[in-house]
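Architecture at a glance
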Amino acid sequence: MAGGPSTPGLVTTAAEAGGMGFLAAGYRSVEEVVEQVEMVQRAGTTVFGVNLFVPGTRPTSPSDLAAVRTYRDRLVPLARHYGVEMPRLDPDDDRAGTSGADDDGWHGKIPALLDLRVPMVSFTFGCPPADVVSRFHQVGTACLATVTSAGEARRATAAGVDALVVQGPGAGGHRAVFDARANPPEQSLDDLFGAVRSVVDLPLVVTGGLTAPEEVRPWLGRADAVALGTAFLDAEEAGTHPLYRAALHDSRFTQTVVTRAFSGRWARGLRNGFTDAYSDRAPAAYPAVNRLTGVLRAAAARSGDLDNLSLWAGTSWQHTPTGTVAQIMRGLTDGLVA
Ligand SMILES: Cc1cc2nc3c(=O)[nH]c(=O)nc-3n(C[C@H](O)[C@H](O)[C@H](O)COP(=O)(O)O)c2cc1C
């Protein structure tokens, strides 16, 4: 879970409790990723993975840029309210995220992770290129791809991955859809699992909207593994911001929405003032929109203002447990025969 929640401590304790945690390489520099992996390795943890954002392939068009400019104009009053300045939008400036050059450090992270010989990498936001998968295999690293449709499952399988994470529509955070502009599929996790199962013969991990023990347990007997995000957001070892933790248990939030308002890519989070005000015309322009709203989200965090924070959460967030990773895992699996 990029953006803070995934930490070396969460990953190490998940392994100790019989699970497998993933460090989030997304939004981090190569140096930060290396540092976090080395912390996990120094702790003696051998069962863990690192998650990567596959960069988009489509360049930013003039109409994309125009849409981002219009969106920026809409956000200016909020920036004034917080007394912060919105980033400039220079089409040739990588820092604006509009040049098409922002690959989240992909070209630095791949060689760094190959050198670190991590046990597993997982990919989201796109199909990992076959040559990258093959280079990871050469150093003994297994590869997982997150998919949201049977078509994506076929493509990832053709790229040579070892297993698939099948992400259903209830998932918290960003939908993994390969085409950043496509609307995320609404097929239920159950139907999607069946559709993927019928077209590929790889181990399948299910994820999305599974937070309560009653939601997780049936899948443990059906899928090869279950991946959870929201269930660990309020774990003691997570790096989740205190305001975000509090929001997960705050009764003023009554539903989640899937919105592009914060990042320019579809993601599910708690419905708040920002999602209500800006979801309708947010352009499909990741990472430019993410950059734009970054200053606003930081200002909202400084002001303790939950209405302008991205509060990513799956549909079953009301069951978010508290406690240590070990306690949470016990709560989810107690009474089950291994
Ligand atoms: C705060 C947050 C951050 C996330 N960051 C990532 C990420 O960096 N990479 C990724 O592949 N998935 C990410 N996800 C999605 C999860 O991998 C997973 O698909 C989702 O949490 C499953 O749904 P659930 O939250 O209902 O368990 C994130 C989810 C959340 C809630």
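Overview of the structure. What you see is a predicted model, and the numbers here were worked out from it, not measured in a lab.

With that settled, consider the sheet that holds strand β5 (residues 163-167). As summarised here, the arrangement of the seven strands in space is β1-β2-β3-β4-β5-β7-β8, forming an open sheet in which the pairing is parallel. Either end of the sheet is taken by a strand with one partner, and the two such strands are β1 (21-24) and β8 (225-227). Along the sheet, successive strands turn relative to each other by an average axial angle of 30°, direction set aside. The pairing of β5 with strand β7 (residues 204-207) spans four bridges and is parallel. Across the sheet, V166 pairs through a bridge with V206, a residue of β7. Sitting on the sheet, helix α7 (residues 189-199) is in contact with β5 and β7, with an inclination near 150° to β5.

Moving on to the site of the ligand. Residues in contact with the ligand amount to 21 residues; listed here are only the nearest, N51, Q167, G209, G229 and T230. Here an oxygen atom of the ligand and a backbone polar atom of G209 are 2.7 Å apart. Relative to its free-state accessible area of 600 Å², the ligand is covered by the protein chains to the extent of 90%. When its residues are assigned to classes, the shell around the ligand shows nine nonpolar, twelve polar and no charged.

All right, on to the pattern of salt bridges then. Under the criterion given, the structure shown has nine salt bridges. Between R222 and D190 there is a salt bridge; the shortest N-O distance is 2.7 Å. You can see R222 sitting in the loop between α8 (213-220) and β8 and its partner D190 sitting in helix α7, a full 32 residues away along the chain. We note a salt bridge from R281 to D280, for which the minimum N-O separation is 3.8 Å.

This brings us to the packing of aromatic side chains. Aromatic ring pairs are reported here in terms of the distance separating the ring centres and the angle at which the planes meet. According to the stated counting rule, one finds ten aromatic pairs in the structure shown. Here Y27 and F53 contribute two aromatic rings whose centre-to-centre distance is 5.2 Å and whose plane-to-plane angle is 85°, an arrangement assigned as edge-to-face. Placement of Y27 in the loop between β1 and α2 (30-42) and of F53 in strand β2 (residues 48-53) is noted, with a sequence separation of 26 residues between them. A residue is classified by how much of its surface remains accessible, and Y27, at 36% relative accessible area, is partly exposed. Judged by its relative accessible area of 8%, F53 falls in the buried class. For the ring pair F262 and W312, a centre distance of 5.6 Å and an interplane angle of 90° mean the geometry is edge-to-face. Placement of F262 in the loop between β9 (256-259) and β10 (267-270) and of W312 in the loop between α11 (288-303) and α12 (325-333) is noted, with a sequence separation of 50 residues between them. Neither F262 nor W312 differs from the other in exposure class; each is buried. Each residue in the set Y71, F262, F274, Y278 and W312 is aromatic and connected to the rest through ring pairs, giving one cluster.

Within the secondary structure layout, V147 lies in strand β4 (residues 142-147). In this structure the C-alpha to C-alpha distance between V147 and T45, which are 102 residues apart in sequence, comes to 27 Å.

Attention shifts here to the packing of helix α4 (residues 106-116) against helix α5 (residues 130-138). Their axes nearest at 9 Å, the elements α4 and α5 cross at an angle of 25°. Comparing their axes, α5 and α4 come out roughly parallel. Packed against α4, whose contacting residues are W106, I110, L113 and L114, the element α5 presents V132, R135 and F136 at the interface. Within the contact of α4 with α5, the residues separate by chemical class into six nonpolar, no polar and one charged.

This brings us to the side chain of T45. Position of T45 relative to the elements: it lies in the loop between α2 and β2. Within polar-contact distance, the side chain of T45 engages the side chain of T12 at 3.3 Å. Every residue in contact with T45, bar those within four places of it in the chain, is listed here: V11, T12, A15 and V40.

As a further point, take the side chain of D103. Structurally, D103 can be placed in the loop between α3 (62-82) and α4. Buried and without a salt bridge, D103 has K109 as its closest oppositely charged side chain, separated by 7.6 Å.

Rules and cut-offs
- Residues numbered from 1 in each chain as written.
- Predicted model: local features only at pLDDT ≥ 70, side-chain atom pairs only at ≥ 80, totals over all residues.
- Heavy atoms only, no water.
- Pairing = 2+ DSSP bridges.
- Helix = DSSP H or I, 4+ residues; strand = E, 2+ residues; numbered from the N terminus.
- Axes fitted to C-alpha atoms, helices over the stretch in contact; angles between N-to-C directions.
- Contact = heavy atoms within 4.5 Å.
- Near = heavy atom within 4 Å.
- Polar contact = N/O pair within 3.5 Å; in protein donor to acceptor, adjacent residues only side chain to side chain.
- Areas by Shrake-Rupley, 256 points an atom, 1.4 Å probe, with all protein chains shown as cover.
- Nonpolar A, V, L, I, M, F, W, Y, C, P; charged D, E, K, R; others polar.
- Salt bridge = Lys/Arg side-chain N within 4 Å of Asp/Glu carboxyl O.
- Phe/Tyr/Trp six-rings, centres within 6.5 Å; stacked < 30°, edge-to-face > 60°.
- Buried < 20%, exposed > 50% of the residue type's maximum accessible area, 1.4 Å probe, protein only.
- Parallel < 35°, antiparallel > 145°, perpendicular 65-115°, else oblique.
- Lys, Arg positive; Asp, Glu negative; His and termini not counted.

Taken by themselves, the reported measurements are silent on function.
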